Amino acid sequence: MSQTKKTDLILRNARLIDGTGASSQYGDLAILDDRLLAVGELGDLQAGRELDVAGKAVCPGFVDTHTHDDRVLLSDPKMNCKVSQGVTTVVTGNCGISLAPLRIDQSPPPPLDILVEREDQFFADFGKYLLALTENPPSLNAVCQVGHTTLRAAVMDSYDRPAIGKEIRKMRKLLEHSLEAGACGMSTGLFYAPANAAPTSEVIELSHALYEHKALHTTHMRDEGERIADSLRETFAIGAEAQIPVVISHHKCSGAPNHGRSAETLTLIDQASKGQPLGLDAYPYTAGSTVLSAMGNLLPERVLITWSEPFPEAAGRELSEIAEELAMSEQEAVEALSPGGGIFFMMDEEDVRRILAFPNTMIGSDGLPSDAHPHPRLWGTFPRVLGHYVRDVKLFTLEEAVRKMTSLPAACFGLKDRGILKAGNYADLVIFDPDTIKDSATFDDPICPAQGIEQVMVNGRIVWKDGEHTGNRPGRALRLQELAPFRFNTSQE
Ligand code: ZN
Ligand code: CU
């Protein structure tokens, strides 16, 4: 007589979206401990608990490829803004800024102030940062990069110049030490002063350490506007010279004169991808968000204030109104409101759609979790793609959208045994209703969980259910040594 096999939980009658882009299948799914035991036909498997999810989709948990969650993972480890969207893994340390390795005794130069309120919130040692995440775990997984701007702040006494030889050697040592501790790569934010003083060669010299450790590089490019084609070429050169994979962060064509140029940029990316590993991510909005100081000369017609140290009451208000009240130009008002942040309506809807639909584009929120009145992408990115762009606009299929959020980023960042619904993989799962999923966060009211996300599971444990956090914090800090070698171009076409 054959013995009946046992498992912890069975989800019955699911629309299974496996993450590869393949058509949905209908079937059951079994979870044992932190892994998927079986997917599809379960035979006579029996479970302690069963849940009928007829009418609902079940897919791998979403990977938010572009975040600034470095500190909020520790200070607010429930991570409601992300798990409420179905995100089960975040990539941190983007745009050149990370919480480690850095010890300074004066206020951090912008844009490092996106991450911290005080200088004592940095970690001098990357390993200690990862240890803090392990000892006080968040409710989702994290893959953490070192920021180039952070490295510069750690070793240079003035930042508005290229690093000299011995500074580069010190930065490289810090970077290597961090990679050995488990950092997955290095990001740059060459767009931002003062890191924009770093020449291409400085980044390449540091990137040799990435090659040696099989780590990757992500970049907020030097220019996303008029000189975007030059910036792409610089990015390709860094990847090719150092022989490392590069991810172009939040790809966009910024500023009215550059609207429509995504046809050109995506062609360049597509051509370059044939010779080197390249990735890119994007968020589903025509507005970006960053510190005010970065945008002083590039102000678009509409700007919303997200935070201001001297005028906290300005958060959520239009820059134009504030400038009028203060009888100032908008540039002057930006100076008066700094340090602060804003939402900048600087992209074209056609570009956003073309970039989102590009087969290699992953989804990254770029949400700024400590802003008083954040960009709605912080709470809305993933449901907005699945609701607005899939169901309403029909930009691509639900299966393709899920691929961009799961197997594609899992392959890019080397997330072993994640990103695909397959027996043996980790049980990072989202149960959602494809008919009702919808982002609720808006520019006026940005702090709001999405609709249609029924349950979210991380490493086999439920973290979000029926619109509420369950209190479980099963997230893991994934170290470079447990990641798979980086692989790109996993598109199913
Ligand atoms: Zn950025
Ligand atoms: Cu960013």
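The shown structure was predicted, so the numbers you read here are calculated from the model rather than taken from an experiment.

## Some words on the domain arrangement of the protein
Note: interface size is frequently given as the accessible area lost on complex formation between the parts.
Piece 1. Each assigned domain of the protein is listed with its residue range as follows: domain 1 (6-59 + 421-470), domain 2 (62-286 + 344-412) and domain 3 (287-343).
Piece 2. For domain 1 versus domain 2, the separation of C-alpha centres amounts to 28 Å.
Piece 3. Counting from both sides, the interface comprises 36 residues of domain 1 and, opposite them, 33 residues of domain 2.
Piece 4. For the pair domain 1 and domain 2, the two sides together bury roughly 2800 Å², of which 68% comes from carbon and sulfur.
Piece 5. Of all residues in domain 1, Asp439, Phe443 and His469 give up the largest surface area on contact with domain 2, accounting jointly for 22% of the area buried on that side.
Piece 6. If you look at where domain 1 meets domain 2, you find two salt bridges.
Piece 7. Measuring nitrogen to oxygen at the nearest pair gives 3.3 Å for the salt bridge that ties Arg15 to Glu399.
Piece 8. Of all the secondary-structure elements, those providing two or more residues to the side of domain 1 that touches domain 2 are β18 (429-432), β19 (453-458) and β20 (461-465).

## Here we look at the pattern of salt bridges
Piece 1. This model, assessed by the stated rule, comprises 31 salt bridges.
Piece 2. Where Arg152 meets Glu202, a salt bridge forms, and the shortest distance between an N and an O atom there is 2.8 Å. Residue Arg152 is located in helix α4 (residues 148-155), and its partner Glu202 is located in helix α6 (residues 200-212); the two are separated by 50 residues in the primary sequence.
Piece 3. Arg152 gets classed as buried once you look at its relative accessible area, which sits at 2%.
Piece 4. On the accessibility criterion, Glu202 (1% relative accessible area) is buried.
Piece 5. Measuring nitrogen to oxygen at the nearest pair gives 3.0 Å for the salt bridge that ties Glu176 to Arg172. Of this pair, Glu176 and Arg172 both sit in helix α5 (residues 165-181), separated by four residues, roughly a single helical turn.

## What to know about the environment of Leu29
Piece 1. For Leu29, the position within the fold is in strand β2 (residues 25-32).
Piece 2. Considering only alpha carbons, one finds Leu29 and Glu50, 21 residues apart in sequence, at a separation of 10.0 Å.
Piece 3. Excluding its chain neighbours within four sequence positions, the residues that come into contact with Leu29 are Leu9, Ile10, Leu11, Leu16, Leu36, Ala38, Val39, Leu42, Val58, Leu421 and Leu429.

## Side note on the coordination of the zinc ion (ligand 1)
Piece 1. Coordination of the zinc ion (ligand 1) by the protein is provided by Cys95 (SG), His220 (ND1) and His250 (NE2), with metal-donor distances spanning 2.0 to 2.3 Å.
Piece 2. All donors to the zinc ion (ligand 1) come from one chain, and their sequence spacing reads C-x124-H-x29-H.
Piece 3. The distance between the zinc ion (ligand 1) and the copper ion (ligand 2) comes to 2.9 Å, with Cys95 serving as a donor to both metals. Taken together, the residues span a long stretch of sequence, with His220 in strand β11 (residues 216-220) and His250 in the loop between β12 (246-248) and α8 (262-273) at a distance of 30 residues. Across this residue pair, the class does not change: His220 and His250 are buried.

## Here we look at α4
Piece 1. Among the eight residues of α4, seven are classified as buried, and the element is accordingly described as predominantly covered.
Piece 2. Among the residues of α4, those classed as buried are His148, Thr149, Thr150, Leu151, Arg152, Ala153 and Val155.
Piece 3. Buried residues in α4 make contact with β9 (146-147), α5, β10 (185-189) and α6.

## Considering the sheet that holds strand β8 (residues 141-144)
Piece 1. Spatially, the four strands line up as an open sheet ordered β6-β7-β8-β22, and their pairing is parallel. Looking at which strands have only one partner, the edges of the open sheet turn out to be β6 (62-64) and β22 (477-478).
Piece 2. As judged from the three bridges shared by β6 and strand β7 (residues 87-92), these two strands associate in the parallel manner. When the sheet's bridge partners are listed, Asp64 is paired in β7 with Val90.

## Some points on the nonpolar core
Piece 1. Tyr129, Leu175, Leu386 and Phe432 are the most contacted members of the largest nonpolar core, which totals 133 residues.
Piece 2. With six residues, helix α7 (residues 228-242) is the single largest residue contributor to this core.
Piece 3. With residues up to four places along the chain from it excluded, the contact list for Leu175 reads Val146, Leu151, Met186, Leu206, Ala209 and Leu210.
Piece 4. Ile31, Leu36, Met457 and Ile462 belong to the second-largest nonpolar core, a separate cluster that totals 15 residues.

## Concerning the packing of aromatic side chains
Note on aromatic pairs: each is described by the distance of the centres and the angle between the planes.
Piece 1. Enumeration over the complete set of coordinates arrives at six aromatic pairs.
Piece 2. Centre to centre, the rings of Phe62 and Phe382 are 5.7 Å apart; their planes meet at 5°, and the pair counts as stacked. Of this pair, Phe62 sits in strand β6 while Phe382 sits in helix α12 (residues 377-392), and the two are 320 residues apart along the sequence. Judged on exposure class, the residue Phe62 and its partner Phe382 are both buried.
Piece 3. Considering the side-chain rings of Phe191 and Tyr192, the 5.1 Å spacing of their centres and the 80° angle between planes classify their relative orientation as edge-to-face.
Piece 4. A residue is classified by how much of its surface remains accessible, and Tyr192, at 6% relative accessible area, is buried.
Piece 5. An aromatic cluster of at least three residues, connected via ring pairs, comprises Phe123, Phe126 and Tyr129.
Piece 6. A cation sits over an aromatic face here: Arg35 above Tyr426, 3.8 Å from the ring centre.
Piece 7. One cation-aromatic arrangement involves Arg302 over Phe345; the distance from NZ or CZ to the ring centre is 4.3 Å.

Thresholds applied
Residues numbered from 1 in each chain as written. Chains lettered and ligands numbered in written order. Predicted model: local features only at pLDDT ≥ 70, side-chain atom pairs only at ≥ 80, totals over all residues. Heavy atoms only, no water. Domains from an automatic or database assignment. Contact = heavy atoms within 4.5 Å. Buried area = accessible area lost by both parts, 1.4 Å probe. Salt bridge = Lys/Arg side-chain N within 4 Å of Asp/Glu carboxyl O. Helix = DSSP H or I, 4+ residues; strand = E, 2+ residues; numbered from the N terminus. Buried < 20%, exposed > 50% of the residue type's maximum accessible area, 1.4 Å probe, protein only. Donors = N, O, S within 2.8 Å, 3.2 Å for Na, K, Ca; no water. Pairing = 2+ DSSP bridges. Core = buried A, V, L, I, M, F, W, Y, C linked by side-chain atoms within 4.5 Å. Phe/Tyr/Trp six-rings, centres within 6.5 Å; stacked < 30°, edge-to-face > 60°. Lys NZ or Arg CZ within 6 Å of the ring centre and 35° of its normal.

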